[in-house]
There are 2 protein chains.
Amino acid sequence: MRPTFTRSYTERAGKFSNPAARQLLEVMARKQSNLCISVDVTLKGEFLEVVDAVGPYTCLIKTHIDIIEDFDQDLITQLKNLSSKHDFLIFEDRKFADIGNTVVLQYSKGVHKIASWSDITNAHAIPGPSIITGLASVGVPLGRGLLLLAEMSSKGSLASGSYTEGAVRMARDHRDFVIGFIAQNRMEGIGSRGFEAEVDEDFLIITPGVGLDQSGDSMGQQYRTPFQVVAEGGSDVIIVGRGIYGGGVDIPTIQTRAERYRAEGWKAYEARLK
Amino acid sequence: MRPTFTRSYTERAGKFSNPAARQLLEVMARKQSNLCISVDVTLKGEFLEVVDAVGPYTCLIKTHIDIIEDFDQDLITQLKNLSSKHDFLIFEDRKFADIGNTVVLQYSKGVHKIASWSDITNAHAIPGPSIITGLASVGVPLGRGLLLLAEMSSKGSLASGSYTEGAVRMARDHRDFVIGFIAQNRMEGIGSRGFEAEVDEDFLIITPGVGLDQSGDSMGQQYRTPFQVVAEGGSDVIIVGRGIYGGGVDIPTIQTRAERYRAEGWKAYEARLK
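Residues numbered from 1 in each chain as written. Chains lettered and ligands numbered in written order. Predicted model: local features only at pLDDT ≥ 70, side-chain atom pairs only at ≥ 80, totals over all residues. Heavy atoms only, no water.

> Please set out the overall build of chain A residue by residue, giving values where relevant.
Secondary structure summary: chain A contains 10 helices and 8 strands in total. Based on the C-alpha atoms only, the size of chain A along its principal axes is roughly 55 × 45 × 40 Å. The proportion of buried residues among the 274 residues of chain A is 62%. Residue pairs at least 24 apart in sequence account for 73% of intrachain contacts in chain A once pairs closer than 6 positions are excluded. Per element, the accessible surface of chain A, about 9600 Å² overall, is 50% carbon and sulfur. The centroid of the 30 positive side-chain charges in chain A is displaced by 3 Å from the centroid of its 34 negative side-chain charges. (Helix = DSSP H or I, 4+ residues; strand = E, 2+ residues; numbered from the N terminus. Buried < 20%, exposed > 50% of the residue type's maximum accessible area, 1.4 Å probe, protein only. Contact = heavy atoms within 4.5 Å. Areas by Shrake-Rupley, 256 points an atom, 1.4 Å probe, with all protein chains shown as cover. Lys, Arg positive; Asp, Glu negative; His and termini not counted. Charge placed at Lys NZ, Arg CZ, Asp CG, Glu CD.)

> Which residues make up the packing of helix H5 (residues 100–108) of chain A against helix H6 (residues 130–139) of chain A, and what are the values?
Residue and element names in this part refer to chain A. Relative to each other, H5 and H6 sit at 35°, their axes nearing to 8 Å. In the packing of H5 onto H6, the handedness of the crossing is right-handed. Contacts between H5 and H6 pair Gly100, Val103, Val104, Tyr107 and Ser108 from the former with Ser130, Ile131, Gly134, Leu135, Ser137, Val138 and Gly139 from the latter. Per-class residue counts for the contact of H5 with H6 are 6 nonpolar, 6 polar and no charged. (Axes fitted to C-alpha atoms, helices over the stretch in contact; angles between N-to-C directions. Left-handed = near helix turned anticlockwise from the far one by under 90°. Nonpolar A, V, L, I, M, F, W, Y, C, P; charged D, E, K, R; others polar.)

> Tell me what's going on with the environment of Arg260 of chain B, and back it up with residues and numbers.
Residue and element names in this part refer to chain B. Mapped onto the fold, Arg260 is located in helix H10 (residues 251–273). A C-alpha to C-alpha distance of 9.2 Å links Arg260 and Ile244, two positions 16 residues apart in sequence. Dropping the residues within four chain positions of it, Arg260 is found in contact with Leu212 and Asp213. A distance of 3.1 Å separates a polar atom in the side chain of Arg260 from a polar atom in the side chain of Asp213. (Polar contact = N/O pair within 3.5 Å; in protein donor to acceptor, adjacent residues only side chain to side chain.)

> Before we move on, can you summarise the relation of the copies chain B and chain A with the specific residues and values?
For these two chains of identical sequence, chain B goes onto chain A by a turn of 180° and a shift of 0.0 Å along the axis, with RMSD 0.0 Å. Both copies are brought into coincidence by an operation consistent with a two-fold rotation axis. When C-alpha positions in chain B are compared against the rotation axis, the closest is assigned to Ala97 of chain B, at 3.6 Å. Same-surface contact between copies: 98% of interface residues of chain B are shared with the interface of chain A. (Least-squares fit on C-alpha atoms with pLDDT ≥ 70 in both.)

> Give a description of the UniProt feature "active site" (unreviewed entry) in chain A that names residues and reports values.
Mapped onto this numbering, the UniProt entry annotates "active site" (unreviewed entry) at Asp93, Lys95 and Asp98 of chain A. Inspection of the secondary structure assignment puts Asp93 of chain A in strand E3 (residues 89–96). Judged by relative accessible area, which is 4%, Asp93 of chain A ranks as buried. Judged by relative accessible area, which is 8%, Lys95 of chain A ranks as buried. In this structure Lys95 of chain A touches Asn122, Ala123, His124, Leu149 and Met152 of chain A together with Ala97 and Asp98 of chain B, once residues within four positions along its chain are discounted. (UniProt positions renumbered as here; feature names shortened; annotations may be inferred.)

> How would you explain the sheet that holds strand E7 (residues 204–207) of chain A if you had to name every residue and give the values?
All names here are of chain A. Taken together, 8 strands build a closed barrel; the order of strands is E1-E2-E3-E4-E5-E6-E7-E8 and the barrel is parallel. On average, each strand axis in the sheet is inclined to that of its neighbour by 30°, with strand direction left out of account. Pairing of strand E5 (residues 145–149) with strand E6 (residues 178–182), which is carried by 4 bridges, proceeds in the parallel orientation. Within E6, the position partnered with Leu149 by the bridge is Ile182. (Pairing = 2+ DSSP bridges.)

> Let's hear about the interface of chain B and chain A: which residues, and what values?
Of the residues lining the interface, 49 residues belong to chain B; the matching set on chain A comes to 48 residues. Taken over both partners, the interface formed by chain B and chain A buries close to 3900 Å², and the fraction arising from carbon and sulfur atoms is 60%. Remark: the boundary between chain B and chain A carries 8 salt bridges. The shortest N-O distance in the salt bridge between Lys113 of chain B and Glu69 of chain A comes to 3.0 Å. On inspection of chain B and its partner chain A, the count reaches 22 residue pairs in polar contact (both at pLDDT 80 or more). Of all the secondary structure elements, the ones that give two or more residues to the side of chain B that touches chain A are strand E3 (89–96), helix H5 (100–108), helix H6 (130–139) and helix H7 (162–172) of chain B. Here the element with the most residues in the side of chain B that touches chain A is H5 of chain B; it accounts for 6 residues. Partitioned by chemical class, the residues of the side of chain B that touches chain A number 18 nonpolar, 19 polar and 12 charged. (Buried area = accessible area lost by both parts, 1.4 Å probe. Salt bridge = Lys/Arg side-chain N within 4 Å of Asp/Glu carboxyl O.)

> Go over the pairing of strand E6 (residues 178–182) of chain B with me, naming the residues and quoting the values.
Residues and elements named next belong to chain B. Among the 5 residues in E6, 5 count as buried, and that is most of the element. Note that the unit made of strand E5 (residues 145–149), H7 and E6 has a crossover that is right-handed. When E6 meets strand E7 (residues 204–207), the two strands line up parallel, connected through 3 bridges. Within E7, the position partnered with Phe181 by the bridge is Ile205. (Right-handed = clockwise from strand over helix to strand, strands pointing away.)

> Explain the sheet that holds E6 of chain B residue by residue, including any values.
Where strands meet in a sheet, backbone hydrogen bonds hold them as pairs that are either parallel or antiparallel. Residue and element names in this part refer to chain B. Ordered in space as E1-E2-E3-E4-E5-E6-E7-E8, the 8 strands form a closed barrel in which the pairing is parallel. In this sheet, neighbouring strand axes are inclined to one another by 30° on average, regardless of whether the strands run parallel or antiparallel. Strand direction decides the pairing type here: strand E1 (residues 35–39) and strand E8 (residues 237–240), joined by 3 bridges, are parallel. Considered in E8, the bridge of Ile37 is made with Val240. Across the sheet, helix H2 (residues 19–31) is in contact with strand E2 (60–63), E3, strand E4 (120–124), E5, E6, E7 and E8; its angle to E3 comes to roughly 130°. Strands in contact with H7 are E4, E5 and E6; relative to E5, the strand with the most contacts, it is inclined by about 165°.

> Talk me through the packing of aromatic side chains; I want residue IDs and the actual numbers.
In this structure the tally under the stated criterion is 11 aromatic pairs over all chains. Centre to centre, the rings of Phe96 of chain B and Tyr107 of chain B are 5.5 Å apart; their planes meet at 70°, and the pair counts as edge-to-face. Of this pair, Phe96 of chain B sits in strand E3 while Tyr107 of chain B sits in helix H5; the two residues are 11 residues apart in sequence, bridging distant segments of the chain. The same class applies to Phe96 of chain B as to Tyr107 of chain B, namely buried. An angle of 50° between the planes, with centres 4.7 Å apart, marks the rings of Trp266 of chain B and Tyr269 of chain B as tilted. Of this pair, Trp266 of chain B and Tyr269 of chain B both sit in helix H10, 3 residues apart, roughly one helical turn. Residue classification places Trp266 of chain B among the buried positions, given a relative accessible area of 8%. The class for Tyr269 of chain B is buried, based on a relative accessible area of 5%. Members of the aromatic cluster, connected to one another through ring pairs, are Tyr9, Trp266 and Tyr269 of chain A. (Phe/Tyr/Trp six-rings, centres within 6.5 Å; stacked < 30°, edge-to-face > 60°.)

See below:
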């Protein structure tokens, strides 16, 4: 039997019960894009400008909503309008990392009300299963999806070995809500206890630390190319941030870069289907 | 030589170079309180009311600022006024968990601007050392202190064994900023490579999951008593939340409960000095 990740995004979409996972795979196939763009700017005007510029090239806009200085509810309204206009999903990269009772409040309440607008969010597995059940109590009724952090691309990360195995086991126990991982590698079968039928297991793998022109930054981030990540590593979605909008460039340049990453990511996906 | 944690808070205060750690230990001695109160309510008015009520009994107010629905800058102004009025420090329990470049923005920017008002914050060690150097680049110039998550009190936590050792090693490499741990046990000597002189090592241990009247909640949180945590476990500060303000009780009841935890925590500290 061929591993799940060598099948097409369209074929895999039909097998996910989680609506956010299904929608994401369908958008990817429709737009021929496995490119997630991380928009890490701190002002609302610039944020919306970049999202509108890169919208046509991306399947998923990744946000850090808590770094935006002049955040307001209108930003969310406009972001959702852009999501409809350009056909992409929204992923708040919150990296929840607290116990169940706290993440329930952090996900649903506060100024940002993440659950009300973010199709997908993510969490660290470190607190144990209560973080998933807590987030699921908010997210499942809204049709949201969760990614777990199973590995990290930064130097000296402690997310490896038995930690990664523990994270995958937690995901396997909550397949209605956990749709995949932020990771560098495929996770099917990792940490399997043998009696679990993981042969047809399919987790989405979303991979940060992707760059075409650099190998790292001054703060410990390390980069790999779309081909290494998608064709060789089997990842489903590449995350690119500063490589697209960084350096204070104009909108046409940002769009040219976004299209370059989209095309490279898609080429790598097609190579792995063969 | 006696382990550092069997010395008085006053004696230990003099040995910390980090100003937030020193101030915290001095407040603890001055108020005879090793009680940190976690105020997890979602409305500004109630938040400030609880903080004003429990202020006299606490050395440290722990916040989840991102769950407050009607957060505004005036809340911060009033919180800082209460901190002066009642002589306590502020600890935003943010559990940062991203790479260096991102946490710099999350700590200093956005709506909440945590670094501008929170004396102490915390972070997971999972991304590797870049999370500390990133946060330190913002916090050290402001005299802030950082606690690392070395263990968690929730069921099935992945923060144990080699993970805990890795976290302690990261802390040891950044003693100017990392003042201690959110943990259940002492961390001196953990993960030591032998050539490090940890005999006089002193980390503050701040411990959640403390309760006098219950043993757990429905979302995987587990509780121990102040005596178990401080006298037997060697922790320096106990964190109590719902045990004090939970159940919709009135202000006098909240104050009675806060004083009870303060007295129990202090008695446990005195027992361990003997």
